[in-house]
Amino acid sequence: MTKKRATPSSKNTAGLRPEESVRVLITDARVKARLKQLAREIRRDFPTEPLHLISVLKGSVFFLTDLARELGGEVSFDFLSVSSYGHGTDSTGEVKLIKDLDVSIEGKTVIVVEDILDTGLTLKYLLRFFEEKKPKHLRVVVLLDKVERRIADVRADYTGFVIPNEFVVGYGLDFDERYRNLPDVCVLQFASRGKAKSA
Ligand code: PRP
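Here, residues in each chain are numbered from 1, in the same order as that chain's written sequence. A pLDDT threshold of at least 70 governs which residues receive local features in this predicted model, and a stricter bar of 80 or more applies before side-chain atom pairs are shown or counted, although totals over entire chains, interfaces and linings include all residues. Hydrogens and water are ignored here; the side-chain numbers use all heavy atoms of the structure.

A. How the structure looks around the packing of helix α1 (residues 28–45) against helix α2 (residues 61–70). Every axis in this analysis is a line fitted to C-alpha atoms, fitted for helices over the stretch in contact. Angles between the N-to-C directions lie between 0 and 180 degrees. In DSSP terms, a helix is any run of H or I states spanning at least four residues, a strand is any run of E spanning at least two, and both are numbered starting from the N terminus. At a minimum axis distance of 9 Å, the contact between α1 and α2 shows a crossing angle of 55°. Between α1 and α2, the interaxial angle falls into the category oblique. The hand of the α1/α2 crossing is right-handed. Each of K32, L35, K36, L38, A39 and I42 in α1 lies in contact with α2, whose residues at this interface are F63, D66, L67 and E70. We call Asp, Glu, Lys and Arg charged. Ala, Val, Leu, Ile, Met, Phe, Trp, Tyr, Cys and Pro are nonpolar, and the rest, Gly among them, are polar. For the contact of α1 with α2, the per-class residue count stands at six nonpolar, no polar and four charged. Roughly parallel covers angles under 35 degrees, roughly antiparallel covers those over 145, roughly perpendicular covers 65 to 115, and oblique covers all other angles. For any pair of crossing helices, the crossing counts as left-handed if the nearer helix is rotated counterclockwise from the farther one by less than a right angle, and right-handed if it is rotated clockwise. Contacts are assigned to residue pairs with any non-hydrogen atoms lying within 4.5 Å of each other.

Listed below in structure tokens is the structure:
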């Protein structure tokens, strides 16, 4: 039996270059359906609590805005930006804070919203950083989890999809800042070189 191929959700190819191609991994519709389930899971754990969502720029922006609208009740959000040195298996795990939070998280129920969990080094740094600020609860929701790439011993509390070790773009994820506006989560491939290297 041949496996049904996911078809793009729209004609938006995000300026695809001739030497690059994309294959749909998770359609926008599947993402949106999964977000409804994730929102229900989170609200099951915190039915009446105000939730403070923290988005790690920039990849998780669409995920945050879509998830926030699925969560009923009181929701606020904030943004933070980090850069990591030498992502990959030889990484030192050093992470630099580029933009700090705007408001205190002390005593709040914080949900860290990440687009992708890869080596886990960024999340490990962030969890330590947030814990020092004494939130009431600290939970993590990730859209995509590349479990097989993990180096740091961290896990998300809520996971959208476990994905294989392929270079993914779209729905906020980029290659050289491009393709964030692709509606679907796609695998990026180069015509001449085969698959793009790592994520
Ligand atoms: C991605 C993602 C995480 C990090 C995960 O950010 O948003 O923050 O990588 O990788 P790790 O588990 O190996 O630490 P990226 O550096 O691509 O920045 P962006 O969100 O601005 O695209």
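B. Quick peek at the pattern of salt bridges. Salt bridge criterion: a side-chain nitrogen from Lys or Arg within 4 Å of a carboxyl oxygen from Asp or Glu. If you walk through the whole model with that rule in mind, you get 14 salt bridges. Here E70 ties to K36 by a salt bridge, and the two come within 3.3 Å at their closest N and O atoms. Of this pair, E70 sits in helix α2 while K36 is found in helix α1, placing the two residues 34 residues apart along the sequence.

C. Region of the structure containing the pairing of strand β6 (residues 137–145). The classification of residues rests on relative accessible area computed with a 1.4 Å probe and restricted to protein chains. Under 20% of the type maximum is buried, over 50% is exposed, and intermediate values are partly exposed. The element β6 is largely enclosed, with a buried count of seven among its nine residues. When DSSP finds at least two bridges between two strands, those strands are taken to pair. Bridge count for strand β5 (residues 109–117) against β6 is eight bridges, and the pairing is parallel. The residue bridging L117 from the neighbouring strand is D145, located in β6. In this region the chain leaves β5, passes through helix α3 (residues 121–131) and returns to the parallel neighbour β6; the handedness of that crossover is right-handed. The pairing of β6 with strand β7 (residues 158–162) spans four bridges and is classified as parallel. Its bridge partner being in β7, V142 is matched across the sheet by T159. Seen with its strands pointing away from the viewer, a crossover is right-handed if its path from the first strand over the helix to the second goes clockwise.

D. Spatial organisation of the pairing of strand β9 (residues 185–190). Counted residue by residue, β9 has five buried out of six residues, so it is predominantly covered. Direction of pairing for strand β1 (residues 20–26) relative to β9: antiparallel, over a ladder of six bridges. Its bridge partner being in β9, V22 is matched across the sheet by L188. Bridge analysis of strand β8 (residues 168–169) against β9 gives two bridges, and the strand direction is antiparallel.

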